[in-house]
Amino acid sequence: MNMTLALLLGAALCYAGMAALCLAMDRHHRQVWNRTGATRQKALRLIGWLLLAVAIWPCVRAWGSSVGVVIWFGLLSAAALVLVFLLPYRPKAAALLMGVTALGGLPGLLWSAG
Amino acid sequence: MSQAVKKEGLRQSMAWLHTWGGLWACWILFVVFITGSLGVFDEAITRWMKPQIPQAGEVRGMDDGVDRPLAVRVGQAYLREHVPSSHFWGIGLPSDTDPAVRVFWQDEKEQFQNLRLDATSGEPIKASTERESEGGHHFVHMHFEFHAGTAGIWLVGFFTMAMLVGLVSGVITHKRIFKDFFTFRPGKQQRSWLDAHNAVSVLSLPFQLMIAYTGLATFYMLYMPAGIETHYSTDDAYFADLLTQPTPREETGIKAEVTALDQILISSEKQLQRPLSFISVEHPGDSSASIVTFGRFIEKTGEYRLLGDGGGQVFFDGVSGEQQDFQAPGELRGGAAQDVQSVMRNLHFAAFGGLTARWLYFICGLAGAAMMATGAILFMVKRRQRSLNEFGARTPQVYRIIEVLNIGSISGISLACIAFFWGNRLIPLGITDRPEWEVISFFVAWLLTYVHAAIRPATKAWIEQLLAVAALCLALPLLNWLVVGDQFVSYLQRGDGERAAVELTAMSIGLLSLWTARKLWLKNRQKVERKTPQPSLNTAKVEVA
């Protein structure tokens, strides 16, 4: 797999996954939607874990099974750091970026696999 | 009930350990993390600092335009003429970051000496008219030994252990690690510093644990020597046994000429299918002489692994030139434990996954530095509001010392790092030991930041040093343009992404420093205004409310 594409997909999916897990929590859900929402939070939590799991795929495809996992860990940290410092200043933008990265990342992943 | 008390007791004792153990360690560790992060890009920095060397190219295979047999002859001739009876010779071959031949030897006091020679004429390069530089190696050496040799490695090792203690005690102290996983609440003083400290630490925790542990594992021979010392007479004997290499031979005292090393080079390169990087000769001039040649480490793009990326080695008798052993590039020896150690070392060195891995290490390394900085600052923010009187009547003086050490070790070392880049461009060409002067300029700049922190009020010292970092970082391309005639735009036009990235990264860090300094300045002004109430401002506030 092309290295740049793998990096973009990995980073996008890691961010989307981290953001989904984050917004599944009461406090952060309120930051964006001003209230809690049990169904949406449950869905976000499930989607979050799934996104983080599939983010391994482009990393392993591009860097191999050993280095790919290291890259995945690095992207998880980097994505979470971006999120944690974006969220308090621009909560809506952080949520929007989650949508964009998830909607861009998942089809991108399917397209690159096909 | 009793269990609850015990739990609280553990958490409190861990909090104490984290606070005080962390404080003393974070000054050294901040330096280790900043220089380590920069060291990830040591080659790019070296290229920026030496405009005379070509820009990074693709792997060129055997032909890189250097007459290596001639370079070896030049090196051997120098060593034979000047140090015929040394116990060790080494010849470092020209590489694309250094076109010179480097010769190494052990002097009568068993100290290692080295010298750079012109690769064709063989003349020692003492005071070249080119921009001789320590380059990015400076940051790597600061990172693992503070330019202090074995003592420095022990120092860094000790504080790395302290870091592991800090990480574990920190996780125990942090009560709501999962609840606060993504929490950062800016603008709330002490709360915000604690949030930031928790966030950067927790979110990069896998990296921090890995980098500390693998750093220690890299130097296992130094840190845990007992096992080897019990079973082997020397480290070389241990390695020969572990890696099933020819055993080191005792000196015989019988004089014998070292074989022609250029033939050894040609034979080695033919078998290894790659250029050599180094040739070592044990006991030159003695009949027990032996030679080892080392293949160049080649970072391949598109083929990434954590194990088996060695450049290969070939072993020869030093007098007859007869080949004794051959280890192909990537061949593994030494069994599972040795392989695990190699993986750990490779994990630490960040050369296993191309640019992506390097940038992720850079980011996570800076997160580690931020972990140290936020921790140290939090310590003082907490106590500036209300003294905790840990040191009785002496408390204010101790706090002042801690504050000065904080400033010099955080903003001060950052200033010294960028000052090193300025030193590279400003120190006159052609002076003797130019690279040493660069390193001296780094240490002088660093020392001055402590002096500055000691004579200025704390907040002013922070702001001024951050502004100095910002100014030096942002003006770096200008300096480069004035002195060398290049800057990031011209680099980019030539497709020299490495050198351009050095300046672009410096400018980003400059902007970050400027932003931090401005925030501090605004906050400080607010505080001053609050102390001297201004009626107009108060009414304005009421109106807003």
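The structure this text deals with has already been given above.
Residues numbered from 1 in each chain as written. Chains lettered and ligands numbered in written order. Predicted model: local features only at pLDDT ≥ 70, side-chain atom pairs only at ≥ 80, totals over all residues. Heavy atoms only, no water.

Q: Got a minute to help me understand the overall build of chain A in this structure?
A: Scanning chain A from terminus to terminus reveals five helices and zero strands. When its helices and strands are written in sequence order, chain A yields α-α-α-α-α. Here the C-alpha radius of gyration of chain A, 14 Å, is about what a compact globule of 114 residues would show, namely 13 Å. The C-alpha extent of chain A, read off along each of the three principal axes, is 40 × 25 × 20 Å. By the burial criterion, 50% of the 114 residues in chain A qualify as buried. If you take every contact in chain A between residues at least 6 apart in sequence, the share linking residues at least 24 apart comes to 71%. Just so you have it, chain A exposes about 5,500 Å², and 72% of that area is on carbon and sulfur atoms. (Helix = DSSP H or I, 4+ residues; strand = E, 2+ residues; numbered from the N terminus. Rg over C-alpha atoms; globule rule 2.2 N^0.38 Å. Buried < 20%, exposed > 50% of the residue type's maximum accessible area, 1.4 Å probe, protein only. Contact = heavy atoms within 4.5 Å. Areas by Shrake-Rupley, 256 points an atom, 1.4 Å probe, with all protein chains shown as cover.)

Q: Would you mind going over the layout of surface pockets with me for this structure?
A: Regions of empty space are outlined by a rolling probe, equal in size to a water molecule, passed over the atoms. All names here are of chain B. The space that makes up the second largest pocket amounts to roughly 1,100 Å³. Lining the second largest pocket we find 44 residues, and of these His18, Thr173, Leu194, His197 and Leu378 sit closest to its centre. Looking at the lining of the second largest pocket, the elements with two or more residues in it are helix 1 (2-39), helix 5 (149-173), helix 6 (190-203) and helix 13 (354-385). It is helix 1 that contributes the most residues to the lining of the second largest pocket, 13 residues altogether. Here the residues of the lining of the second largest pocket sort into 20 nonpolar, 14 polar and 10 charged. (1 Å grid on protein atoms, 1.4 Å probe; cavity = no way out; pocket = protein on both sides within 12 Å on 5 of 7 lines; lining within 4 Å. Points joined across faces, edges and corners; volume = space filled by probe spheres on them. Nonpolar A, V, L, I, M, F, W, Y, C, P; charged D, E, K, R; others polar.)

Q: Can you help me understand the interface of chain B and chain A in this one?
A: Interface size is commonly expressed as the accessible surface area that is lost when the partners come together. Each partner contributes residues to the interface: chain B has 30 residues there, and chain A has 26 residues. Seen at the junction of chain B and chain A, the total is one salt bridge. In this structure, Arg27 of chain A engages Asp180 of chain B in a salt bridge whose closest nitrogen and oxygen atoms are separated by 3.2 Å. At the junction of chain B with chain A, the criterion picks out three residue pairs in polar contact (both at pLDDT 80 or more). Sorting the residues of the side of chain B that touches chain A by element identifies helix 6 and helix 13 of chain B as the ones contributing at least two each. Among the elements that line the side of chain B that touches chain A, the one with the most residues is helix 13 of chain B, at seven residues. Split into classes, the residues belonging to the side of chain B that touches chain A amount to 19 nonpolar, five polar and six charged. (Salt bridge = Lys/Arg side-chain N within 4 Å of Asp/Glu carboxyl O. Polar contact = N/O pair within 3.5 Å; in protein donor to acceptor, adjacent residues only side chain to side chain.)

Q: Can you help me understand the sheet that holds strand 1 (residues 88-92) of chain B in this one?
A: Within a sheet, adjacent strands bond to each other through the backbone by hydrogen bonds, running parallel or antiparallel. Residues and elements named next belong to chain B. Strand order in the open sheet formed by seven strands is 3-2-1-4-5-6-7, and the pairing between neighbours is antiparallel. Looking along the sheet, the strands with just one partner apiece sit at the ends: strand 3 (112-117) and strand 7 (323-327). The mean angle between the axes of side-by-side strands here comes to 15°, regardless of whether they run parallel or antiparallel. As judged from the four bridges shared by strand 6 (residues 313-317) and strand 7, these two strands associate in the antiparallel manner. Each residue of the ladder has a partner; that of Val314, found in strand 7, is Phe326. (Pairing = 2+ DSSP bridges. Axes fitted to C-alpha atoms, helices over the stretch in contact; angles between N-to-C directions.)

Q: In this structure, what is going on with the pattern of salt bridges? I would like to understand it.
A: Oppositely charged side chains can pair when the atoms bearing their charge come close. Residue and element names in this part refer to chain B. Counted according to the given criterion, the structure contains 20 salt bridges over all chains. Put simply, Arg249 and Asp317 hold a salt bridge, and the shortest N to O gap is 3.0 Å. With a gap of 68 residues between them, Arg249 in the loop between helix 10 (235-242) and helix 11 (261-272) and Asp317 in strand 6 connect regions that are remote in the sequence. Overall, the relative accessible area of 12% leaves Asp317 in the buried class. For Asp496, the salt bridge is made with Arg499, and the minimal N-O distance between the two is 2.7 Å.

So yeah, pure geometry; function would need other evidence.
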